[in-house]
Amino acid sequence: MGDFNFPNIEWKLFRSNSLDGVVFVQCVQEAFLTQYVDCPTRGEAILDLVLGNEPGQVIDLLVGEHFGDSDHNSVTFTLVMERDRCVQQGKVYNWGKCKYDVVRQELKCISWEHRLSGKDTSETWNLFKEQVLRVLDMYVPVRQGRDGRVREPWLTREVECLVKRKKETYVRLRKQGSDRALEGYKIARRELKKGIRRAKRGHEQSLAGRIKENPKAFYTYVRNMRMTRARVGPIKDSSGRLCIESEEIGEVLNKYFSSVFTNERGHIVGEDSVKQTGKLEEILVRTEDVLGILKSLRIDKSPGPDAIYPRILWEARDEIAESLAMIFSSSLSTGVVPGDWRVANVMSLFKKGIRDNPGNYRPVSLTSVVGKVMERVLRDRISEHLERHCLIRDSQHGFVRGRSCLTSLIEFFEEVTKHVDEGKAVDVVYMDFSKAFDKVPHGRLMQKVRRHGIVVNLASWITNWLTDRSQRVVADGKYSPWIPVTSGVPQGSVLGPLLFVIFINDLDEGVEGWVSKFADDTKIGGVVDNEEGCCRLQKDIDRMQSWAEKWQMEFNPEKCEVVHFGRTNMNVEYRVNGRVLGNVAEQRDLGVYVHTSLKVATQMDRAVKKAYGVLAFINRGVEFKSREVMI
């Protein structure tokens, strides 16, 4: 920080009309630095800069009045330092030293059918959890605390020998002090540096070569290379006070997450009738289905509030699959969901923007692993039912088998390019729901679920699963108080995304333009050669807005955008909730369509390379099919 004296640099555009300014801007960009001062600090120029190498290091920056006799404005800001990370609460198991054969034998000796028969769902679940936790405590050793020394992952035997040799030459130099001893020390030091470089290079090449088999090791190494760790907070509460302690941060975030919940209005008349003949009333839970799901568990994932780790479920899958099938069948037949499956530890993931704003964090729920196994059983059966009766519209590409972000990208591009190649003007409107997953009203959701033929016991189970939920936020190992969850589908659950797809399935009903949905991200487009076409597109937007009002959802006009294409485009303004949508760009050349569209739709930015790869295969004559659409 300080007076760098570059008055000719436009920091918002990162450009300068002077040679020194250009060189300095290139230096800042090559070093991946962020410049935080955006107001003039002397006259009309920004001379005093604050540069940082990590986003979020500097918050609350304010350019104030002159300080003392200086002709520069004062610059005040808060510097976020790395806090000491709290010790993880609870036990940390040493899975590498667990005797899994003994664990399997212990669980195999339990007469599950005798113990679970004659009991209700909650009792059978509590008994199962008690036995699994008992085996964990008996046969899985707890990891001992470290002495503060951390072994580098790239450290090899060769490097250890070179370190020892350097120490020996240093001791010899201190004793003798001769030129020969000094030269020997320098040689040992150079060899150590070369050895460290070789070891790091070899380790990184090994991680890159095994990224498909072990992506976690690669990204863990990358995260450890960062100067500062990704963190939550500090967070400003509702009064504007900056909260730094983990307990306060968790409580503020939990209050904000609960503030967006929907208070549902009355019942919508006439929306409960099943709209087709096929019904899904009951699901038969088979032991082999549960065993197949247990085999596919990722053992490196965190447990839910019930403290049952996926590692123990995976290792003892053959011994517990039958007992879990009995618990799941009992839960489905009675419609009772154990309380442990309806609570969640919420992790706050930073999206973008300012880190002290609670609205810039996404809540992701960590729920019971056993509960997720049950959800996968239901999700697979419900998905088969929806596919068999063709209940999900072709406009939906998210969380649907055989469809993805990639199919949404290519299919929508094909529709737009077809009309633009014909010389027509096209407008594309990107619609964005505000807190979509958290605002879904449970009563209205169940009406949609029943309309899709999911009734009787299965509908009762889903209703119970959504009812009386609660959550707490975890921040640096500290927990906030529990808060009831009154709306929404849990982000991080298995069944939640499919329920959301069912909820917004009829969003584009009656819309005349073409629509592409990826979960809650919606694009609507149409030909706008004349005023009639523009009015038609605005009516489509109004239909979606009326749908949102009916089902108690809400569009965020600030994030809704429009893109104009075609040389004859009239650049008409469109409105959402009475607010004019911003224009991303007025595109006359379709060649920049991909670039502009990807800036608007975040999910497409992740798929652009795959899209180009698929298009390359298409050009070589390979057919690419997406349901009934062939490109």
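In this report, the structure presented in the accompanying data block is examined.

Each value, and the rule that gives it
Residues numbered from 1 in each chain as written. Predicted model: local features only at pLDDT ≥ 70, side-chain atom pairs only at ≥ 80, totals over all residues. Heavy atoms only, no water. Helix = DSSP H or I, 4+ residues; strand = E, 2+ residues; numbered from the N terminus. Buried < 20%, exposed > 50% of the residue type's maximum accessible area, 1.4 Å probe, protein only. Contact = heavy atoms within 4.5 Å. Areas by Shrake-Rupley, 256 points an atom, 1.4 Å probe, with all protein chains shown as cover. Polar contact = N/O pair within 3.5 Å; in protein donor to acceptor, adjacent residues only side chain to side chain. Phe/Tyr/Trp six-rings, centres within 6.5 Å; stacked < 30°, edge-to-face > 60°. Lys NZ or Arg CZ within 6 Å of the ring centre and 35° of its normal. Axes fitted to C-alpha atoms, helices over the stretch in contact; angles between N-to-C directions. Parallel < 35°, antiparallel > 145°, perpendicular 65-115°, else oblique. Left-handed = near helix turned anticlockwise from the far one by under 90°. Nonpolar A, V, L, I, M, F, W, Y, C, P; charged D, E, K, R; others polar. Expected span 1.5 Å × (residues − 1). Pairing = 2+ DSSP bridges. Core = buried A, V, L, I, M, F, W, Y, C linked by side-chain atoms within 4.5 Å. Disulfide = S-S within 2.5 Å.

Okay, the overall build of the chain next. The number of helices and strands found in the chain is 21 helices and 24 strands. For the chain, the proportion of its 631 residues judged to be buried stands at 46%. For the chain, contacts bridging at least 24 residues in sequence account for 69% of all contacts bridging at least 6. When the accessible surface of the chain is summed, it comes to about 33,800 Å², and 50% of that surface belongs to carbon and sulfur atoms.

Our focus in this paragraph is the side chain of Ser-368. With respect to the helices, strands and loops of the structure, Ser-368 is situated in the loop between β12 (361-366) and α12 (369-388). Its relative accessible area of 1% is what places Ser-368 among the buried residues. One polar contact links Ser-368 to Asp-306, side chain to side chain, over a distance of 2.6 Å. Setting aside anything within four residues of it in sequence, one finds Ser-368 in contact with Trp-125, Gly-304, Pro-305, Asp-306, Asp-340 and Trp-341.

Per the counting criterion, the structure on display carries 21 aromatic pairs. One aromatic cluster in this structure is built from Phe-4, Phe-6, Trp-11, Phe-14 and Phe-24. Here the guanidinium or amino end of Arg-317 rests over the ring plane of Trp-314, the centre of that ring lying 4.6 Å away. The side chain of Lys-448 reaches across the aromatic face of Phe-503, ending 4.6 Å from its centre.

At a minimum axis distance of 10 Å, the contact between helix α2 (residues 100-108) and helix α4 (residues 121-139) shows a crossing angle of 150°. Accordingly, the angle class assigned to the pair α2 and α4 is roughly antiparallel. For the crossing formed where α2 meets α4, the hand is right-handed. In contact with Val-102, Val-103, Glu-106 and Leu-107 of α2, α4 contributes Arg-134, Val-135 and Tyr-139. Here the residues of the contact of α2 with α4 sort into five nonpolar, no polar and two charged.

Moving on to helix α6 (residues 179-209). Under the 1.5 Å per step criterion, the end-to-end length of α6 is 45 Å for 31 residues, consistent within 8% with the ideal 45 Å. Within the sequence span of α6, burial applies to Ala-181, Tyr-185, Ala-188, Leu-192, Gly-195, Ala-199, His-203 and Leu-207. Looking at the buried residues of α6, the elements they touch are α5 (157-176) and α7 (215-224).

Here we take up the environment of Ser-111. For Ser-111, the location among the structural elements is in the loop between α2 and α3 (112-116). For the pair Ser-111 and Ser-323, spaced 212 residues apart in sequence, the C-alpha separation works out to 9.4 Å.

Here we take up the pairing of strand β8 (residues 73-79). With five bridges connecting them, strand β7 (residues 58-66) and β8 associate as antiparallel partners. Residue His-66 lies in a different strand from β8, and its bridge partner there is Asn-73. Between β7 and β8, which pair antiparallel and follow one another directly, the connecting turn spans six residues, one of which, Gly-68, has a positive phi of 65°.

With that out of the way, let us pick up the nonpolar core. Core analysis: the largest hydrophobic core is formed by 95 residues, its most contacted members being Ile-382, Trp-461 and Ile-462. The element contributing the most residues to this core is α12, with eight residues. Non-local contacts of Ile-382, meaning those with residues more than four positions away in its chain, are made with Leu-280, Ile-454, Leu-458, Ile-462, Leu-495, Leu-498 and Ile-502. Counting residues in hydrophobic clusters, the runner-up holds 12 residues, among them Tyr-36, Val-37, Ile-46 and Val-58.

Another aspect to go through is the state of the cysteines. Chemically, a disulfide is nothing more than a covalent bond linking the sulfur atoms of two cysteines. This structure, assessed with the given rule, holds zero disulfides. In this structure Cys-534 is a free cysteine whose sulfur lies 6.8 Å from that of Cys-535, the closest cysteine sulfur available. Cys-535 sits in the partly exposed class, given a relative accessible area of 45%.

Moving on, we get to the environment of Ala-436. Within the secondary structure, Ala-436 sits in helix α14 (residues 436-439). It is 8.8 Å that separates the C-alpha atoms of Ala-436 and Phe-500, two residues lying 64 residues apart in sequence.

Inspection of the secondary structure puts His-564 in strand β19 (residues 561-565). Residue His-564 is classed as buried on the basis of its relative accessible area of 1%. A distance of 2.7 Å separates polar atoms of two side chains, one belonging to His-564 and the other to Asp-427.

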